[in-house]
Amino acid sequence: MTPQGSRFGPWIGGLLLLAGWELADRLLSDAFVLAGPVAVARFLMDEGALMGRALAVTLGNAAVGFVIGNLAALALAGVAVVWPRSERVVTGLALLVFCLPLVATGPILRVLFGPGPGPQITLAALAVYYTTLIPLLVGLRAVPDTWVELVRSTGRGRLAVLVHVRAMAALPALCAGLQIAAPAAFLGAMVGEFTGAERGMGVLTIRAMRALDVPMTWSLATVATAVAVLAYLALGALARRVLRAPPPVILAAPSVRSKQGAAWRDVALVAALALGGWAAVIGLGGLNPFFAKGPGDVVTALVFAPDAPETRATLGAALAETAVFLLPGYAAGLAAGAGLAVLLVLLPGVAGTVLPLAIALRSVPIVTTAPLVVLLLGRGALGTIVLVAVMVFFPTLVACLHGLRQTPGQVLDVFDSFAAGPVTRLIRLRIPAMWPAFFAAARMAVPASVLAVTVVEWLATGSGMGRLMALSASLSDYDMLWSCVVVVSVLAALGYALVGAVERRVLAVYAPEQQT
Amino acid sequence: MPGPLTRRTLLGTGAAAVGATALGLPPRPAQAQTPVGLQLSWLHSAQFAGSYIALDRGWWAARGLDVSLLPGGPNAPVEPPVVSGTALVGVSAADYTAAAVEQGAPFKILGVAMQKNPFVVASLPGTPVHEPADLVGKRIGMALANTPVLQALCQLNGVDIDRITMVPTQYSAQPLLAGEVDCLLCWETDLPVAMERQGIESLTMLMADHGYVLQSQTYIATEDSLANRRADLVALLAGEVRGWEAYHADPEAAADLTVRMYPDAGLDPETQRLQAARQVPLMFSDLTDAHGFGWWTDDAVAANIETLALLGRTVSPDLWDRSILEEVHGT
Amino acid sequence: MGRDPDHPPAVVCTGLAKTFEDGTEAVRPVDLTVGAGQTIALVGPSGCGKSTLLRMVAGLEAPSAGRVAIAGRPPAETLRRAGLAVAFQDPSLLPWRTVRGNVRLALRLARRPMDDADIDHLLALVGLAGFEETRPAALSGGMRQRAAIARALSTRPGLLLLDEPFGAVDDLTRRQLARDLPRLWEARGTTTLLVTHSVSEAVRLSDRVIVLSPRPARVVAEIAIGLPRPRTEAIGESAQAAALTRQIFAALSDGMASPATAGPAS
């Protein structure tokens, strides 16, 4: 992504940010909320070695998870493309696994892996594979039919199409996915450390929060942000070196269109495979039934057990509490992302300043910001809503900017020939061209916002599903914990499907070529 | 006896240990090491300094154990690793253990590190909370998960809980300092220490002094381990007892050792010393002076069962098993 | 250049028809024979189903009825041996490969050995000398189409299927291609099926012109082009050629006039 506008834009933005930050520190000096850049710099000078060691550990785990997660995404995408009928099942299962709440999966991974970096790496991999898989599938699929027929006309099959045409055509989409994945991997590695690790940024974050060590908390957030932004920029630079041609079609992910019957059959298949896989992991993993509950246990707990109505009521109350934060935050994040993208297209000069700030905001690992934002904005609805919105905002902004800039040049020329002003062009041409990208982002944001809200509830506000899951784990109420996992994952997947349904309707009008 | 061995010199000799203990041979240090996990309930800190002393001075190694101290964390419940065998012993608390047993976990409490529960109500001198009655009309910051704890305290002291405003907070003293709440429900050794380090004077009302009798930092193991790995359990707890007695003798040195052993944990030496000093009265008493570290009486069990009942947990006295500790202190 | 790996096959279509899933009828049952080494042109109005017919012959589209036989075998078999090549209406060059790279990929896919000198020779033949290392984005529409033609020819197919290959090519180049390309496939003896909407081009290049009706396509007329070969420019501009052109236009007009519900011509 090349921000238009002045070369000094990022520097101006950075300086403004630093100045505002330091000013806020001075104003709030006694509140134990904020440490400014001076305090952070001082801390980093004094404790640079400690921070360096922690960073090396977390970054190492994040990198391993990043590689594993992305390789998994590549493999899954390959399967889905070579064998198109499997696509919906593959993506459905992948979505379900991606939606597993990490508050609940963490302890289970710790038991599976024992001591060591296993859970950190796994959570990092789980945090990235889906955000890579989806753009990759789009890229692999968004290939003109004639390119495919060209290969077929030489007597070669799907594999040759994949290797010689789709793989290359998907590179831009893959790069876009990897860029989003980099900060996510870091977050996953940090959360993994909460399951019992000796060292790392996550360990230090907990320590700093508990010890009221505000400079350390903010230094951790600063370092984590810097790392995430650098990774993002480095991958962007790499992408520009690798990519020779601009992406052939827009970054959007329409679902495969097919008959209703086939769709229901695939949903049933995903459910069956998920249940089978779940039962198999518990059976083959030799996990103790005390904490490893199978599908039958959850059904019993929710339906047949004497206290089932009570369990359902607890779950329902927690869900309602979470929804109050989740839905406004999700909507606000989408609106802000799309709105800013439109603004940046109208005022290209500002893009160079705003975009790096936006990247920074999104890349700050939520585990370091959750307590900070709640401290700043309060424990009520606002803080949580803002955090969810931030989580949704950035991918939406990036996708929408991409969509807006994708408007075909020739059509723009046609508009120019009618002397259409920038606003007319925006409303009549660019915004319609943006919808596919917007919906792709909206879909991806569903699991991200669920992650955000449960993490905030768990770490900061102590309410809703996040609290219920953490509490169930500490009280050994594993029936409740697994029920939460099932309910959260299924609801997130349903939300995703719902956005996908709206998307299909819109795409049918605005981007028929995206539907295969 | 060989001289004090460090854990490092013994690494790599552990493989032969399993066979030796399986044959019931007396473990011979320096040659045979049984790998054993001890699951801690939180990140490394002076909270577990007695264990560090035992590890550092090779007291476990001398008894044929290669002990791994597994750190906990905010998302690391103690019970699953113990049930699954990743850890032989876990550091839990009576209420969490009771909850797990209710859910079918076959745990026994083998020892009690914190005789007195570390829960306190911390307040600032401006709006002090000296006794439970002072809570009326106050806003208390707490994890909502701890609501039963406050309920129990109120019931024990005849305080109407509806006249206390509960504000959900987590992991931080900041809301108290920002004036969002008047007091905090927290641990004696945690947020008050953090405030003290920041130069803020606070008062704490120890709930254990007001009828809230509940053991904390209890050592738990499965019934299966008790039946089949008694020697390892005795060796592990013997090391713990010796380590914590050394801790009692010099908490400051124990805190310094903690910082030295875990340089990557981001520990502040002064905080660790404060924490180490504050937990001494919770762990040691005339009772432990008389019977040794980790000991408890049948009266304590009865009192714990009463408090647990207030928390909604029904337990029987056979949750506690003193046989390992008796063996440790008998030898 | 050496001998082609494939003998030119004869193509026989019997009762070939296509109705799409949404009910659109694209091709009415068509019988069609292309003799080995012959060049046949399919002429018809835009959107009449010519391309669908061609794609069915290529084995890229499954017919709803009827069958195609290439040298007596189903098209899939010819496809598997890379015995045919298609130049599509859209040049379909891969944007990340150079012109030479695009041709080389086709050869690699078809598992045909050929060195760069041969590729460059072909590129020179279609007027792309000096553009071997250029990426498609930097080429004009006509140049891209010529690159696509060179790519189709490079695998030395026994059967060459050309779908409006000169659509975007400028008149001068078109004239030159119409002179040079037939020489190449005459020398190789390639069987060629050409879809075009240019009547003069059909007359100029083919041995027989098949006139199709508007959608759904059915055969309106088959007109043999008895012009001598090689087809020089003089032959293309002869009175005989002009008469054939008029005859084809008349057949096209008849096809337009006759109602689409009419049965197949054969």
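The rules behind each value
- Numbers given to residues run from 1 along each chain, matching the order in which its sequence is written.
- Think of it this way: whatever chain is written first is A, whatever ligand is written first is 1, and the rest follow in order.
- Reporting in this predicted model follows two pLDDT cut-offs: at least 70 for local features of residues, and 80 or more for side-chain atom pairs to be given and counted; totals over whole chains, interfaces and linings ignore these cut-offs and use all residues.
- Heavy atoms throughout the structure, all of them, feed into the side-chain values; hydrogens and water do not.
- UniProt positions are given in the numbering used here, feature names are shortened, and annotations may be inferred rather than shown by experiment.
- Under the scheme used here, helices are H or I runs from DSSP no shorter than 4 residues and strands are E runs no shorter than 2 residues, and both carry numbers assigned from the N terminus.
- Exposed residues in this analysis have more than 50% of their type's maximum accessible area, buried residues have under 20%, and partly exposed residues fall in between, with area computed by a 1.4 Å probe over protein chains only.
- To be clear on the numbers: accessible area is Shrake-Rupley with a 1.4 Å probe, and residue cover counts the displayed protein chains and nothing else.
- Between 30 and 60 degrees the pair is tilted, below 30 it is stacked and above 60 it is edge-to-face, where a pair is any two Phe, Tyr or Trp rings, Trp via its six-membered ring, whose centres lie within 6.5 Å.
- Any two strands with at least two DSSP-identified bridges between them are counted as paired.
- All axes here are fitted lines through C-alpha atoms, helices being fitted over the stretch that makes contact, and every angle between N-to-C directions spans 0 to 180 degrees.
- Here, residues are in contact when the closest pair of their heavy atoms is within 4.5 Å.
- For each domain, the first and last residues come from an automatic or database assignment.
- Here's the idea: put two parts together, see how much 1.4 Å probe accessible area each one loses, and the total over both is what we call buried area.
- Within this document, salt bridges are pairs made up of a side-chain nitrogen of Lys or Arg and a carboxyl oxygen of Asp or Glu, the two lying within 4 Å of each other.
- Any pair of nitrogen or oxygen atoms within 3.5 Å is treated as a polar contact; in protein, a donor-acceptor pairing is required on top of that, and neighbouring residues in sequence qualify only through side-chain atoms on both sides.
- Three residue categories are used. Nonpolar comprises Ala, Val, Leu, Ile, Met, Phe, Trp, Tyr, Cys and Pro, charged comprises Asp, Glu, Lys and Arg, and polar comprises the others, including Gly.
- Per residue, pLDDT captures the predictor's confidence, and it can take any value from 0 to 100.
- Among the buried residues, those of types Ala, Val, Leu, Ile, Met, Phe, Trp, Tyr and Cys that are joined through side-chain atoms within 4.5 Å form a nonpolar core.
- Orientation categories follow fixed angle ranges, with anything under 35 degrees roughly parallel, anything over 145 roughly antiparallel, 65 to 115 roughly perpendicular, and all other angles oblique.
- Here is the rule for handedness: rotate from the far helix to the near one, and if that takes an anticlockwise turn smaller than a right angle the crossing is left-handed, while a clockwise turn gives right-handed.

Chain C has the name ATP-binding cassette domain-containing protein in an unreviewed UniProt entry, where Roseospira navarrensis is given as its organism. According to its UniProt record, chain C has this under Sequence similarities (unreviewed entry): "Belongs to the ABC transporter superfamily."

The name recorded for chain B in an unreviewed UniProt entry is Thiamine pyrimidine synthase, from Roseospira navarrensis. What the UniProt record of chain B gives under Pathway (unreviewed entry) is the line "Cofactor biosynthesis; thiamine diphosphate biosynthesis." Within the UniProt record for chain B, the comment given under Subunit (unreviewed entry) is "Homodimer."

This paragraph deals with the overall build of chain B. A count of helical and extended segments in chain B gives 15 helices and ten strands. Counting over 331 residues, chain B shows a buried share of 60%. Surface exposure of chain B reaches about 12,400 Å², of which carbon and sulfur atoms provide 51%.

Now for the packing of aromatic side chains. All names here are of chain A. As enumerated under the stated definition, the model contains 19 aromatic pairs over all chains in all. Here F98 and Y130 contribute two aromatic rings whose centre-to-centre distance is 5.1 Å and whose plane-to-plane angle is 20°, an arrangement assigned as stacked. Here F98, found in helix α4 (residues 87-98), pairs with Y130, found in helix α6 (residues 118-141); they are 32 residues apart in sequence, far enough to count as distant. By the burial criterion, F98 is buried, and Y130 matches it.

Next up on the list: the sheet that holds strand β6 (residues 159-163) of chain C. Residue and element names in this part refer to chain C. The six strands lie next to each other as β5-β6-β7-β3-β8-β9, forming an open sheet whose pairing is mixed. Two strands bound the open sheet, and with one partner strand each, they are β5 (84-87) and β9 (219-224). Averaged over neighbouring strand pairs, the angle between their axes works out to 15° when direction is ignored. Note: strand β3 (residues 39-43) against strand β8 (residues 208-212), four bridges, orientation parallel. The residue of β8 that forms the bridge with A41 is V209. In this fold helix α1 (residues 50-58) packs onto β3, β5, β6, β7 (191-196) and β8, with an angle of close to 155° to the strand it touches most, β6. Strands β3, β8 and β9 of the sheet are contacted by helix α9 (residues 239-257), whose axis makes an angle of about 170° with β9.

A few words now on the domain arrangement of chain B. Residues and elements named next belong to chain B. The assigned domain composition of chain B is domain 1 (7-116 + 214-330) and domain 2 (119-210). The distance between the C-alpha centroids of domain 1 and domain 2 comes to 28 Å. Between domain 1 and domain 2, the residue contacts involve 15 residues of the former and 17 residues of the latter. Taken together, the two surfaces of domain 1 and domain 2 that pack against each other cover about 1,500 Å², and 65% of this comes from carbon and sulfur. The tally of links between domain 1 and domain 2 comes to four salt bridges. Our count for the contact surface shared by domain 1 and domain 2 stands at four residue pairs in polar contact (both at pLDDT 80 or more).

Of the residues lining the interface, 23 residues belong to chain C; the matching set on chain A comes to 17 residues. Between chain C and chain A, roughly 2,000 Å² of surface is buried when both sides are summed, and carbon and sulfur atoms account for 63% of that area. Taken together, the connections running from chain C to chain A amount to one salt bridge. We note a salt bridge from C:R55 to A:E149, for which the minimum N-O separation is 2.1 Å. Our count for the contact surface shared by chain C and chain A stands at three residue pairs in polar contact (both at pLDDT 80 or more). Of all the secondary-structure elements, those providing two or more residues to the side of chain C that touches chain A are α2 (75-80), β5 and α3 (99-109) of chain C. Sorting elements by how many residues they give to the side of chain C that touches chain A places α3(C) first, with four residues. Across the side of chain C that touches chain A, the residue classes break down as 14 nonpolar, two polar and seven charged.

Detailed reading of the predicted coordinates is not advisable wherever pLDDT falls low. All names here are of chain C. Put simply, chain C has an average pLDDT of 83, and 94% of its residues get 70 or more. Confidence, read as mean pLDDT per element, is least for helix α6 (residues 171-188) in chain C (79) and greatest for β3 (91). Every residue in residues 1-5 scores below 50 in pLDDT, and together they form eleven contacts with partners more than four places removed in sequence or on other chains. Ignoring residues within four places in sequence, the model shows residues 260-266, a span with pLDDT below 50, making twelve contacts including any to other chains. Of the two predicted TM-score estimates for the complex, the pTM is 0.79 and the ipTM is 0.82.

With that settled, consider the interface of chain B and chain A. The interface is formed by 51 residues belonging to chain B together with 47 residues belonging to chain A. In total, chain B and chain A occlude about 4,200 Å² of area from one another, counting both sides; carbon and sulfur atoms represent 58% of this. Linking chain B to chain A there are three salt bridges. Residues A:R53 and B:D264 are paired through a salt bridge, measuring 2.3 Å at the closest nitrogen-oxygen approach. Counting across the interface, chain B meets chain A through nine residue pairs in polar contact (both at pLDDT 80 or more). If one sorts the elements of the side of chain B that touches chain A by residue count, helix α4 (residues 79-84) of chain B sits on top with five residues. For the side of chain B that touches chain A, the per-class residue count stands at 31 nonpolar, 15 polar and five charged.

Turning our attention to the nonpolar core. Counting 243 residues, the largest nonpolar core has A:Y130 and A:M201 as the members making the most contacts within it. No other element matches helix α19 (residues 422-461) of chain A, which puts 18 residues into this core. Ignoring anything within four residues of it in the chain, the contact list for A:Y130 reads A:T91, A:A94, A:L95, A:F98, A:P135, A:M444 and A:Y496. Counting 47 residues, the second largest nonpolar core, distinct from the first, contains C:I119, C:L128, C:L160 and C:L244.

Once that is clear, we can look at the packing of helix α10 (residues 201-210) of chain A against helix α11 (residues 214-242) of chain A. Residue and element names in this part refer to chain A. Direction vectors running N to C along α10 and α11 enclose 150°, while the axes themselves pass 8 Å from each other. Taken as axis vectors, α10 and α11 run roughly antiparallel relative to one another. Crossing of α10 against α11: the hand is left-handed. Residues M201, L204, T205, A208 and M209 of α10 form the contact with α11, whose own contacting residues are M216, T217, L220, V223 and A224. Counted by class, the contact of α10 with α11 contains eight nonpolar, two polar and no charged residues.

A word on the pairing of strand β8 (residues 183-187) of chain B. Residue and element names in this part refer to chain B. The element β8 is largely enclosed, with a buried count of four among its five residues. Where strand β5 (residues 119-123) and β8 come together, five bridges link them in antiparallel fashion. Bridging across to β8, V120 finds its partner in C186. Bridge count between strand β6 (residues 139-142) and β8: two bridges; the pairing is parallel. When the sheet's bridge partners are listed, I140 is paired in β8 with C183.

Before going further, it helps to examine the environment of B:A249. Residue and element names in this part refer to chain B. Relative to the elements of secondary structure, A249 occurs in helix α10 (residues 230-249). You can call A249 exposed: its relative accessible area is 68%. A249 sits 36 residues away from V213 along the chain, and the two C-alpha atoms are 26 Å apart.

This brings us to the side chain of B:Q272. Residues and elements named next belong to chain B. Relative to the elements of secondary structure, Q272 occurs in helix α12 (residues 269-283). For Q272, a relative accessible area of 3% translates into the label buried. Those residues within four positions of Q272 in sequence are excluded, and the remaining contacts are S45, A46, A255, T258, V259 and L267.

Residue and element names in this part refer to chain B. With mixed pairing, five strands are arranged side by side in an open sheet as β7-β6-β8-β5-β9. Where the open sheet ends on each side, the last strands, each with one partner, are β7 (165-168) and β9 (203-206). Within the sheet, the average angular offset between the axes of one strand and its neighbour, ignoring direction, is 30°. Its contacts with the sheet place helix α6 (residues 147-157) against β5, β6, β7, β8 and β9, and it is angled at close to 140° to β6.

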